[in-house]
Amino acid sequence: MGSPSTSSSPERRNGSIWTVPGMRTLAILTMFGFTGYAALLPVAPMWVVEGGAGTSGAGLVNGVMLGATVATQGFILMLLRRLGWRTVLILGMVLMGVPSLATAFSSELWWVLACSVVRGMGFGVLTVCGSAAVAELVEPWRRGAGIGAYGLAVAVPNVLALSLSPWLAETVGFWAVFVVGAAPLLAVPVAARLAADIVAAQRSQSIAEHPASGVGPEAVASATAGFARPPDEPDDTPADDTPADDYDRRPQSPVGSSAVNNGAAFWIGLLVPTLILLSVTLAGGGVMTFLPQMVPSAGLVLAGLLMFTAVAALSRWAVGSLADRHGPTPFVAPLLLASVVGLGLISWSVAGLAADPASGGGVWAATGSLKSEGALVITALLVGAGVLGTGYGALQNLTLVLAFHRVPRRRIGTASAVWNVGFDAGTAGGSIIVGALAAGMAFADTMLVLAVFCAAAVPLAFLTRRRESGADRRRATR
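These notes cover the structure that comes with them. Predicted, not measured: the structure shown is a model, and the values here were computed from it.

Regarding the overall build of the chain
A count of helices and strands for the chain gives 18 helices and zero strands. Put simply, the chain has 478 residues, and 58% of those count as buried. Once local pairs closer than 6 in sequence are excluded, the contacts in the chain between residues at least 24 apart make up 82%. Element-wise, carbon and sulfur atoms account for 68% of the exposed surface of the chain, whose accessible area totals about 17400 Å².

Here is the structure:
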């Protein structure tokens, strides 16, 4: 892995992250792709309810879609090696866009689930390739900022498409949402451009690491294959007697690297941040899927989703530079606890809003209007959504930084795939769990169940802190 003096110019190191070649292209592709994902996330379950499915069926829609995503993510690295970045990225955009249009043909559960499987396959391509592209384009010591910028590109369509799509479906029609969901098709030419940028970055990295080898045909072919090493690269183990978990004596970031090349320590190092991510995405998946069913007002649903997604976007972007300066670990436990608080506030407010207005229950008068305490309940919902969004967004950035810190450069694709499995399995699990539990308990209680998952992950945050501190102490003694 090239040092700062050899792998990049001072201008590139110190300038805006958006000046890094390929980052703007990645942002454009990401925004188109996630627009297709976010638009249907709350609306596809509404569509099958329109067709007669119950809450369990509604919960299956996103669960099946993200289950297909997780199943696909394990094959993305193989596809990149065999087909190259260009073909895989274009395929992903097509698989996301076409079934969104097809969903409009029927609201029958089986049809929507079939379309969701195909969409999930395309989303699997987008998620693994997107986060891996950041690591390919951006220097290791700036990955916090790079992941923050990528997270902002992910979050902008979530703020707009996810928040507005339920309103669009109710006021204009479901067909309008399905058209918006086809936005990934517009990104096909962008995908080709991004592939060229990634190949150029890989070639530059190969020259920096192996200047004597040049860029002969074999090296270029290796770079274009995706994650394969140049033929003369001697694996990612150190040439001296440096222990495996102290890979690369040169600092990769202000907090260094605790990269491990193989064995149980490698997988444990990836498992810890993935489980932390899983806990908070369970909460996010449940809220994003079922807030339209939990809250009896389209305007309040819009406000709640907008608060959640906007704060998540800002926190995911802002925490990147903090992670580069101070390391990711000090922030993990407080953000998990914040997520627990946010879910508690949402639970309390949903319980009040769920009471039957006709009976004058909860915050409602018998006339159906809000009582004086209704403003407090609505405020609690919005504050809870914002607090949960803070943990949800920031922990996405921090856990990905932790995952990349755990692996040598040639295993970045593996780290990206594992992290994305945690993200999408959590989002799918939240949808399925809340849908199944809601058949036998109140939505407010399901939010408390999700809070328990977040609280259970707090000890893992301290385990991560100890692992990082140990790696830093070993580097300090050299």
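The rest of the description comes next.
As for the environment of Met46
Structurally, the position occupied by Met46 is in helix α3 (residues 23–50). Met46 sits 247 residues away from Gln293 along the chain, and the two C-alpha atoms are 8.6 Å apart. Apart from residues lying up to four places away in sequence, Met46 is in contact with Pro166, Glu170, Phe174, Pro292 and Gln293.

With respect to the environment of Ser339
Of note, Ser339 is situated in helix α14 (residues 332–353). The exposure class assigned to Ser339 is buried, which follows from its relative accessible area of 0%. As a C-alpha pair, Ser339 and Val280 span 59 residues in sequence and 7.3 Å in three-dimensional space. Apart from residues lying up to four places away in sequence, Ser339 is in contact with Val280, Leu388, Gly391, Tyr392 and Cys454.

Side note on the environment of Ala133
Of note, Ala133 is situated in helix α7 (residues 109–137). Accessibility expressed as a relative area gives 0% for Ala133, which makes it buried. Sequence-wise, Ala133 and Ile198 are 65 residues apart; in three dimensions their C-alpha atoms are separated by 6.9 Å.

Some thoughts on the packing of aromatic side chains
Going through the model one piece at a time under the given rule, you end up with ten aromatic pairs. Judged by centre distance (5.8 Å) and plane angle (40 degrees), the rings of Phe290 and Phe443 are tilted. Taken together, the positions of Phe290 in helix α12 (residues 263–294) and Phe443 in helix α17 (residues 443–456) put the pair 153 residues apart, joining distant regions of the chain. Judged by relative accessible area, Phe290 falls into the buried class, the value being 0%. Its relative accessible area of 17% is what places Phe443 among the buried residues. When the centroid spacing of 5.0 Å and the interplanar angle of 40 degrees are considered together, the rings of Phe308 and Tyr392 count as tilted. Of the two residues, Phe308 sits in helix α13 (residues 298–326) while Tyr392 sits in helix α15 (residues 374–405), which places them 84 residues apart along the sequence. Here Phe308 and Tyr392 have matching classes, each one buried. Grouped by ring-pair contacts, the aromatic residues Phe308, Tyr392, Trp419 and Phe423 constitute a single cluster.

With respect to the nonpolar core
Generally speaking, a soluble globular protein has its nonpolar side chains buried in company with each other. If you look at the biggest cluster of nonpolar residues, it comprises 120 residues, and the most contacted ones within it are Tyr37, Trp85 and Leu343. With 14 residues, α3 is the largest single contributor of residues to this core.

Brief notes about the pattern of salt bridges
Side chains bearing opposite charge may pair, as long as their charged atoms lie close to each other. As enumerated under the stated definition, the model contains one salt bridge in all. The partner of Asp197 in a salt bridge is Arg193, and the shortest N-O contact between them spans 3.2 Å. Highlighted residues: Asp197 and Arg193, both in helix α10 (residues 188–209), separated by four residues, approximately one helical turn. You can call Asp197 buried: its relative accessible area is 12%.

Thoughts on the packing of α3 against helix α8 (residues 143–171)
The interhelical angle for the contact between α3 and α8, taken along N-to-C directions, is 35 degrees, at an axis separation of 7 Å. Considering only the axes of α3 and α8, their crossing is right-handed.

Examining helix α6 (residues 85–103)
Between its first and last C-alpha atoms α6 spans 28 Å; for 19 residues at 1.5 Å apiece the expected length is 27 Å, and the two agree. By the burial criterion, the buried members of α6 are Trp85, Val88, Leu89, Ile90, Gly92, Met93, Met96, Gly97, Pro99, Ser100, Ala102 and Thr103.

Comments concerning the side chain of Thr446
Among the secondary structure elements, Thr446 is positioned in helix α17. The exposure class assigned to Thr446 is buried, which follows from its relative accessible area of 1%. Filtering out sequence-adjacent residues up to four positions away, Thr446 remains in contact with Val434, Leu437, Ala438 and Met441.

Rules behind the numbers
Residues numbered from 1 in each chain as written. Predicted model: local features only at pLDDT ≥ 70, side-chain atom pairs only at ≥ 80, totals over all residues. Heavy atoms only, no water. Helix = DSSP H or I, 4+ residues; strand = E, 2+ residues; numbered from the N terminus. Buried < 20%, exposed > 50% of the residue type's maximum accessible area, 1.4 Å probe, protein only. Contact = heavy atoms within 4.5 Å. Areas by Shrake-Rupley, 256 points an atom, 1.4 Å probe, with all protein chains shown as cover. Phe/Tyr/Trp six-rings, centres within 6.5 Å; stacked < 30°, edge-to-face > 60°. Core = buried A, V, L, I, M, F, W, Y, C linked by side-chain atoms within 4.5 Å. Salt bridge = Lys/Arg side-chain N within 4 Å of Asp/Glu carboxyl O. Axes fitted to C-alpha atoms, helices over the stretch in contact; angles between N-to-C directions. Left-handed = near helix turned anticlockwise from the far one by under 90°. Expected span 1.5 Å × (residues − 1).

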